[in-house]
Each structure stands twice: as structure tokens, then as C-alpha cells.
Amino acid sequence: MTRIGILGTGTLAAALGERWARAGHELVVAGRSPARARDLADRLGRGTRAVTPRQAVADRDAVLLAVSWHGAEDMLAAAGAPEGTLAGTPLIDPTNAVEHGVGALLTGPGEAMAQRIARLSPGAHVVKAFHLFPADQWACVPADRRAHADSAPAVAMCGDDQDALRVVGDLVRDVGGVPAVLGSLDRARQLEEVAGFVIGLTFSGADPGSAVPRGRR
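We now turn to the structure provided with this report. (Residues numbered from 1 in each chain as written. Predicted model: local features only at pLDDT ≥ 70, side-chain atom pairs only at ≥ 80, totals over all residues. Heavy atoms only, no water.)

### Quick look at the nonpolar core
Keep this limit in mind: Throughout this description, the term nonpolar core refers to a set of buried Ala, Val, Leu, Ile, Met, Phe, Trp, Tyr and Cys residues connected via side-chain atoms within 4.5 Å. Relative accessibility thresholds used throughout: buried, under 20% of the residue-type maximum; exposed, over 50%; partly exposed, between the two (1.4 Å probe, protein chains only). Numbering goes from the N terminus for both helices and strands, where a helix is a DSSP run of H or I of at least four residues and a strand is a run of E of at least two.
In this structure, Leu-16, Trp-20, Ile-92, Ala-129, Phe-130, Trp-138 and Met-157 are the most contacted members of the largest nonpolar core, which totals 32 residues. Among the elements of the structure, strand 1 (3-7), helix 1 (11-22), strand 2 (26-30), helix 2 (34-44), strand 4 (62-65), strand 7 (154-159) and helix 6 (162-174) are those that each provide at least two residues to this core. Per-element tally for this core: the top contributor is helix 1, with seven residues. By size, the runner-up hydrophobic cluster in this structure holds 28 residues, among which are Ala-72, Ala-79, Met-113 and Ala-114.

### A closer look at the sheet that holds strand 6 (residues 125-128)
Two modes of strand pairing occur in sheets, parallel and antiparallel, and in both the strands are linked by backbone hydrogen bonds. In plain terms, the rule: DSSP-based pairing: two strands are paired if at least 2 bridges between them are found. Any two residues having at least one pair of non-hydrogen atoms within 4.5 Å are treated as being in contact. Here an angle of 0 to 180 degrees is reported between the N-to-C directions of two axes, which are lines fitted to C-alpha atoms, with helices fitted over the stretch in contact.
As summarised here, the arrangement of the eight strands in space is 3-2-1-4-5-6-7-8, forming an open sheet in which the pairing is mixed. Pairing within the sheet leaves two strands with one partner each, and these edge strands are strand 3 (49-50) and strand 8 (178-181). Both strand 1 and strand 4 contribute to a ladder of four bridges, which runs parallel. Note on strand 4: the bridge partner recorded for Leu-7 is Leu-65. Each of strand 1, strand 4, strand 5 (90-93), strand 6, strand 7 and strand 8 is contacted by helix 6, which is oriented at about 165° to strand 7, the strand it contacts most. Each of strand 5, strand 6 and strand 7 touches helix 7 (residues 188-204); the most contacted strand, strand 7, lies at about 150° to it.

### Some remarks on the side chain of His-25
Note the following rule: Throughout this description, a polar contact denotes any pair of N or O atoms lying within 3.5 Å of each other; where both atoms belong to protein, one of them has to be capable of donating a hydrogen while the other can accept it, and for residues adjacent in sequence the pair is counted only when both atoms sit in side chains.
Mapped onto the elements, His-25 comes out in the loop between helix 1 and strand 2. By relative accessible area, which is 10% here, His-25 ends up buried. A polar side-chain atom of His-25 sits 3.0 Å from the main-chain amide nitrogen of Thr-2. In terms of polar contacts, His-25 uses its side chain to reach the side chain of Asp-174, at 2.6 Å. Setting aside anything within four residues of it in sequence, one finds His-25 in contact with Met-1, Thr-2, Ile-4, Trp-20, Leu-171 and Asp-174.

### Notes on the pairing of strand 1
For clarity, the threshold we go by: When the strands point away from the viewer, a crossover counts as right-handed if the path from the first strand over the helix to the second runs clockwise.
Buried residues dominate strand 1, accounting for four of its five residues. Note: strand 1 against strand 2, five bridges, orientation parallel. When the sheet's bridge partners are listed, Leu-7 is paired in strand 2 with Ala-30. Assessed by its sense of winding, the connection that carries the chain from strand 1 through helix 1 to strand 2 is right-handed.

Quick look at the structure:
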């Protein structure tokens, strides 16, 4: 059992939270709206509790930052991250700082959103993950990836701490994905550019999957 804190109450928080709760993990949920946090906790069930942002990051084995990129700084501040409350904790960053419908990155030149989050959360072990697939898709992925090996989504990840990558990799498997670690956090901008590429193609009406050569297993 992994103790997971979820910061956010939207579609991704609900989709991943439901799969992790079903896998037997202990979840707490926090958001800007306590009422929405309580509603999500009730929907997830299995002992999930609604708490404050600071409580959501205390004594957790992993924390998911499931908010829009422009709300990340406020949520991390509410959780006390600049004060070190996330020090030593794997912090999963699925944010995409991209222009809606275009996919162009909105961070500064050479800057990754994951690196900005790391600066806002001193001591946290940031892992970029879960940023390439639509949030609601995770509700449709078969939990037993061994029975659906050909269709199991690969979750591209990067991070600087090996233990944090291992923890997040296990959580990827619990939702039916396959962890694919591409390196340290300095690869995060590259991964975020890929998200922009996928978003841009999707809004243009093209299938991003058709633009990427399929590798052999």
C-alpha cells in the first residue's frame, strides 16, 4: 500500500485516483474548493479522505500535482511546498504549460514546467509523468496490462531520484501503463515539447499516433 496525496480535484485526479484506490492504496485529496475535494473523496471511496493541501502532502509516499499549469504555483504554496513540506517526497508532475489548441510551450526559453515546479518545491523529488494522454483515457485502460501488453500505454517519465522513479513506475503499472524512464529531469522540456506536438496534431485533426513510427516489442 502506497500513501498517495492528490492535489487537485479535476478529471486526472479522479481517473488516476479511482485506479489507485481500486489497487488498494491509501488516498487523501485536497483542492482549492473543500467541497469539491469532499465530493471527489466520496466518489473514490475506499477510505479516501478530503483534507487541506498541507495535510495532503504530509507523510505521503507520493504526491500527484493534478492541477492546470497556471494553478500549480498557488497549489504548491497552499501545500507549503516553498517551506519544504515536500522535501524527500516523489512529486508527480503531469502539467502541460502549452497554448490551447496550438501546443506551443508557454514556459521561458530552455525552461521546463517540471523544473519550475522543482524550484517551487525545494527538496521534492519531481518526476514528470502522466502528461501525454487525455485524463479520461485512464478510466478506459485495462488494469491488467499483462493481458493487454500490445495496447498498454507507455508512460514517458523523467526524474533525478531513482527511488522516486521506482515509486512512480509502480503507480504507473497500477493503472495499466508501462513506465518508460527517459533520463533525468533535464529531459523534462523535451517531454513537454512532445506533449505540445501531440496537442497541436490533435487539434489539427490528425492522429498523433500515425505520425510516430511504431517500435517493435
